[in-house]
Amino acid sequence: MFQAPRGTTDILPEDQPYWDNVMAAVRHIGSQFGYSRIDTPIFEDTQLFTRGIGGATDIVEKETYSFKDRGGDSLTLRPEGTAPVCRAYMEHGMHTLPQPVKLYYICQNFRYERPQSGRYRAFSQFGVEIFGESDPYADAEAIEISWRFLRELGLRDLSITLNSIGDDECRPLYVSALIKYYTQQSSELCTDCARRLVTNPLRLLDCKIDTCQPIISEAPRSIDYLCNDCEEHWQDLLDHLNRIDLTYEIDNSLVRGLDYYTRTVFEITPPVKGRTNVIAGGGRYDKLLEQLGGPSTPGVGFAVGLERVVEHMKRLKVTFSGDKSKLTLVAHLGPRGKNEAMVMASLIRKSGGTAVMGPSRGLRSQLRYASSINADYAVIIGDDEIDKGKFTLRQLGESTQQELSSEEIIRSVC
Ligand code: HAM
């Protein structure tokens, strides 16, 4: 027997209502904030990710699904949406449009991670990217969209954490201070941190190993090294968030797992923190487009992990005020009944209702099937009913039934 590949999930019928609600919220929030949808291919030139995300990140070092195609080109399954959306922005000349350009996407991503609850090798994201706006109101807007989206889905126990990691001007000073501090602690570091100290010092702050936590809590803070422009941006962002009543915590060790960020970084987490619990993450990336060979263009955005959203909705037992249309099973007896049932099911659907044909079995079995699919009504059509021009309509939840003409049935069930 085959099984789904490790780290992948099937979305079974019982989970589809969650996903329908998630998709509806994506579309609603996207249009409410005036964003346009974009879709990019599932694979891209491998270089887009090595240059975009950073060669020394976990994603590029050990998590990409890369392969050579039959023509010898190196391609990579999309591990995240930002670099591809930047590529599309440049390729389609969106930098020549009036700025800012505001885009959103829903995409499946692929990362060869160690699977566990909340961490998959194939997972979906709702993401937003704002191009061509360096003002911190755009950072606040990105945070607000992610927050509103999660609130709309009933996730009410989340918190926003925030940090600024500076820019090309001030970050080198900060990184030198970090290296100096960590070099003094080098005998205490875990093996990954000893490596990070050489390859990617900022990521030292992201270590989850217990023994490294006291070192992280005493480490120099990036917000103490911000240059004037970054400091002003940071303070303005906090003011904007206060003005729109978004509560946040400043987390001095928040650095994020991708190398393209400048200034603002943020995450949204449920009360139990941990790497596989982060529901949304994002930040500003003012150098990324240039790094990818495009014109100098500021950018800011985020992505929400949708499997984690659905898992959290289930944990919180979120219910939706579903305007689920009523479902009618059209049960039949004999060949004439079956033909007439096909016509009745079709008429119900043409009038906007939802109808399912009874399976080709006895009446009892058809009615059992009606309850198994949670039908609201069953219409019963046999020779007698056809001759009389009156059909039985059962309201399944209430166990009542009426004899009605086909027009009356359609009016009742639609
Ligand atoms: P990220 O932090 O790598 O950022 O991913 C964003 C969210 O995707 C995470 O917070 C998490 O909810 C979900 N996620 C990531 N990896 C997995 C996984 N293996 N299994 C399940 N869910 C996962 C980015 O992807 C950036 N592109 C976000 C961004 C957009 N920054 C600026 N613009």
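As a reminder, the structure under discussion sits directly above these lines.
**Description of a negative patch on the surface**
Argument step 1. Residues D135, E169, D229, E232, D236 and D239 make up a contiguous surface patch of negative charge.
Argument step 2. Relative accessible area serves as the criterion here: at 30%, D236 is assigned to the partly exposed category.

**Some remarks on a nonpolar patch on the surface**
Argument step 1. A surface patch of nonpolar side chains, amounting to about 260 Å² of accessible area, comprises I42, F43 and F67.
Argument step 2. Mapping F67 onto the fold places it in strand β3 (residues 66–68).

**Comments concerning the site of the ligand**
Argument step 1. Near the ligand you find 27 residues, and of these E80, T82, E113, Y120 and Y261 are the closest.
Argument step 2. For the ligand, whose accessible area on its own is 660 Å², the fraction buried by protein is 96%.
Argument step 3. Contributing elements (two or more residues each) for the shell around the ligand: β6 (122–131), β10 (280–284) and β11 (299–305).
Argument step 4. Looking at side-chain class alone, the shell around the ligand contains 12 nonpolar, 8 polar and 7 charged residues.

**Observations concerning the side chain of T46**
Argument step 1. Here T46 lies in helix α2 (residues 46–53).
Argument step 2. Looking at T46, the relative accessible area reads 16%, which means it is buried.
Argument step 3. A polar side-chain atom of T46 sits 2.8 Å from a polar atom in the side chain of S74.
Argument step 4. Polar side-chain contacts of T46 include one of 2.7 Å to the side chain of T76.
Argument step 5. With sequence-adjacent residues up to four places away left out, T46 is seen in contact with S66, S74, L75 and T76.

**Some thoughts on the packing of aromatic side chains**
Argument step 1. Within the structure shown, the criterion is met by 12 aromatic pairs.
Argument step 2. When the centroid spacing of 6.3 Å and the interplanar angle of 80° are considered together, the rings of F43 and F67 count as edge-to-face. Taken together, the residues span a long stretch of sequence, with F43 in strand β2 (residues 43–45) and F67 in strand β3 at a distance of 24 residues.
Argument step 3. Between Y89 and F131, the ring centres sit 4.3 Å apart and the planes meet at 25°, which makes this aromatic pair stacked. One end of the pair, Y89, is in helix α4 (residues 82–91); the other, F131, is in strand β6, and 42 residues separate them in sequence.
Argument step 4. Linked through ring pairs, Y89, F131, Y260, Y261 and Y285 together constitute an aromatic cluster.
Argument step 5. We note R121 situated over the ring of Y112; from NZ or CZ to the ring centre the distance is 3.9 Å.

Cut-offs applied
Residues numbered from 1 in each chain as written. Predicted model: local features only at pLDDT ≥ 70, side-chain atom pairs only at ≥ 80, totals over all residues. Heavy atoms only, no water. Patch = residues over 30% accessible without salt bridge, like charges linked within 9 Å, V, L, I, M, F, W, Y side chains within 5 Å. Areas by Shrake-Rupley, 256 points an atom, 1.4 Å probe, with all protein chains shown as cover. Salt bridge = Lys/Arg side-chain N within 4 Å of Asp/Glu carboxyl O. Lys, Arg positive; Asp, Glu negative; His and termini not counted. Charge placed at Lys NZ, Arg CZ, Asp CG, Glu CD. Buried < 20%, exposed > 50% of the residue type's maximum accessible area, 1.4 Å probe, protein only. Helix = DSSP H or I, 4+ residues; strand = E, 2+ residues; numbered from the N terminus. Near = heavy atom within 4 Å. Nonpolar A, V, L, I, M, F, W, Y, C, P; charged D, E, K, R; others polar. Polar contact = N/O pair within 3.5 Å; in protein donor to acceptor, adjacent residues only side chain to side chain. Contact = heavy atoms within 4.5 Å. Phe/Tyr/Trp six-rings, centres within 6.5 Å; stacked < 30°, edge-to-face > 60°. Lys NZ or Arg CZ within 6 Å of the ring centre and 35° of its normal.

These values are about where atoms sit, not about what they do.
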